[in-house]
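Summary of the model geometry
Chain residues, written in single-letter form:
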Amino acid sequence: KCIPFVEPAPPLSISGLLANEVMSTPLKTIHVIPTVHEVITLLRSCKHNGFPVIDDNNKLRGMTIRNHLITILKFYNVKNQKTKEEILAADASQDVDEVWSSLLPEESFAVSLQSKNQPLTETIEALMTTCDAESAIDLRPYMNRAPLFISEHAPILRAYGLVRGMGMRHIAVCNEASEPVGMIT
């Protein structure tokens, strides 16, 4: 009950189809270091649960889920606002202990048995007015940095095998340049 299940044998109707014929588009992506406003706008704009994380060249760098983004926003400290440039500059100067101490507790991201999405609370919505437009969030410590993805020209049966065999809920579909172009859920 409440646990997604994929049948062991794929339906005959998908045989011969390619990933780009069944993927969901348009794709909603998020940058590795987005602004707080971009994250909230993304969450408001759709009900999607999984998002490919891209770099400045539109290359796939990871995956994140809606509840993780909401958790990060819940713990966002307005007093410690940083721009993307400040986050990147701090990378070179911070020592490992300082980085680890600044991360959110892993219990905050614990998976519950229910797959319900957390709501956007008034506190999170208020960040749109209390944060500077350039205030950024570093998703690198919280995203899946090694996501499985599938080529847009791959047979859909390969994606089905990944979903079934690996228990995945989201698979990014990428073009030959490793740019996400769709999502299979």
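Our subject is the structure listed above.
A brief structural summary.

Side note on the environment of Lys-28
Examined against the element boundaries, Lys-28 turns out to sit in the loop between helix H1 (19-22) and strand S1 (30-31). Measuring from C-alpha to C-alpha, the distance between Lys-28 and Val-53 comes to 9.5 Å, with 25 residues separating the pair along the chain. Every residue in contact with Lys-28, bar those within four places of it in the chain, is listed here: Leu-42, Ser-45, Cys-46, His-48, Phe-51 and Pro-52. A distance of 3.4 Å separates a polar atom in the side chain of Lys-28 from a polar atom in the side chain of Ser-45.

Looking at unusual backbone geometry
Between Thr-25 and Pro-26 the backbone carries a cis peptide bond, its omega angle lying at -5°. With respect to the helices and strands, the residue Pro-26 is situated in the loop between H1 and S1. Backbone geometry places Asn-58, a non-glycine residue, at a positive phi of 65°. Considering the arrangement of structural elements, one finds Asn-58 in the loop between strand S2 (50-54) and strand S3 (60-65).

A few points about the pattern of salt bridges
Going through the model one piece at a time under the given rule, you end up with five salt bridges. Arg-61 is the salt-bridge partner of Asp-55, the closest N and O atoms lying 2.9 Å from each other. In this structure, Asp-56 engages Lys-84 in a salt bridge whose closest nitrogen and oxygen atoms are separated by 2.8 Å. Of this pair, Asp-56 sits in the loop between S2 and S3 while Lys-84 sits in helix H4 (residues 84-93), and the two are 28 residues apart along the sequence. For Asp-56, a relative accessible area of 59% gives the class exposed.

A short note on the sheet that holds strand S5 (residues 171-174)
Overall, mixed pairing links the three strands, which are arranged S4-S5-S6 in an open sheet. Both edges of this open sheet fall to strand S4 (149-151) and strand S6 (180-184), since each of them pairs with a single strand only. In this sheet, adjacent strand axes meet at a mean angle of 35° when their direction is disregarded. Taken strand by strand, helix H7 (residues 156-166) contacts S4, S5 and S6, and its axis lies near 155° from that of S5.

Some words on helix H3 (residues 66-74)
Counted residue by residue, H3 has seven buried out of nine residues, so it is predominantly covered. Residues of H3 that are buried: Arg-66, Asn-67, Leu-69, Ile-70, Thr-71, Ile-72 and Leu-73. Looking at the buried positions of H3, the neighbouring elements they touch are S1, helix H2 (36-45), S2, S3 and helix H6 (122-130).

Some words on the nonpolar core
Core analysis: the biggest nonpolar cluster contains 26 residues, and Ile-30, Val-36, Leu-69, Leu-73 and Ile-137 have the highest contact counts within it. Listing elements by their share of this core, those giving two or more residues are H2, S2, H3 and H6. The biggest single contributor to this core is H2, with five residues. Sequence-distant contacts of Leu-73, that is, excluding residues within four places in its chain, are made with Val-36, Val-39, Ile-40, Leu-43, Ile-124, Leu-127 and Ile-137. In terms of nonpolar packing, the next biggest core, distinct from the first, is built from 13 residues, Ala-19, Ile-150, Ile-156 and Ile-171 among them.

As for the pairing of S5
Of the two faces of S5, both are covered, the one formed by Ile-171 and Val-173 as well as the one formed by Ala-172 and Cys-174. Sheet topology note: the S4/S5 ladder contains three bridges and is parallel. Note on S5: the bridge partner recorded for Phe-149 is Ala-172. Handedness of the β-α-β unit built from S4, H7 and S5 comes out right-handed. In the sheet, S5 pairs with S6 via four bridges, with the strands oriented antiparallel. Across the sheet, the residue bridging to Ile-171 is Ile-184, located in S6. Here S5 hands over to S6 after five residues, with Ser-178 in that stretch at a positive phi of 60°.

Rules behind the numbers
- Residues numbered from 1 in each chain as written.
- Predicted model: local features only at pLDDT ≥ 70, side-chain atom pairs only at ≥ 80, totals over all residues.
- Heavy atoms only, no water.
- Helix = DSSP H or I, 4+ residues; strand = E, 2+ residues; numbered from the N terminus.
- Contact = heavy atoms within 4.5 Å.
- Polar contact = N/O pair within 3.5 Å; in protein donor to acceptor, adjacent residues only side chain to side chain.
- Salt bridge = Lys/Arg side-chain N within 4 Å of Asp/Glu carboxyl O.
- Buried < 20%, exposed > 50% of the residue type's maximum accessible area, 1.4 Å probe, protein only.
- Pairing = 2+ DSSP bridges.
- Axes fitted to C-alpha atoms, helices over the stretch in contact; angles between N-to-C directions.
- Core = buried A, V, L, I, M, F, W, Y, C linked by side-chain atoms within 4.5 Å.
- Right-handed = clockwise from strand over helix to strand, strands pointing away.

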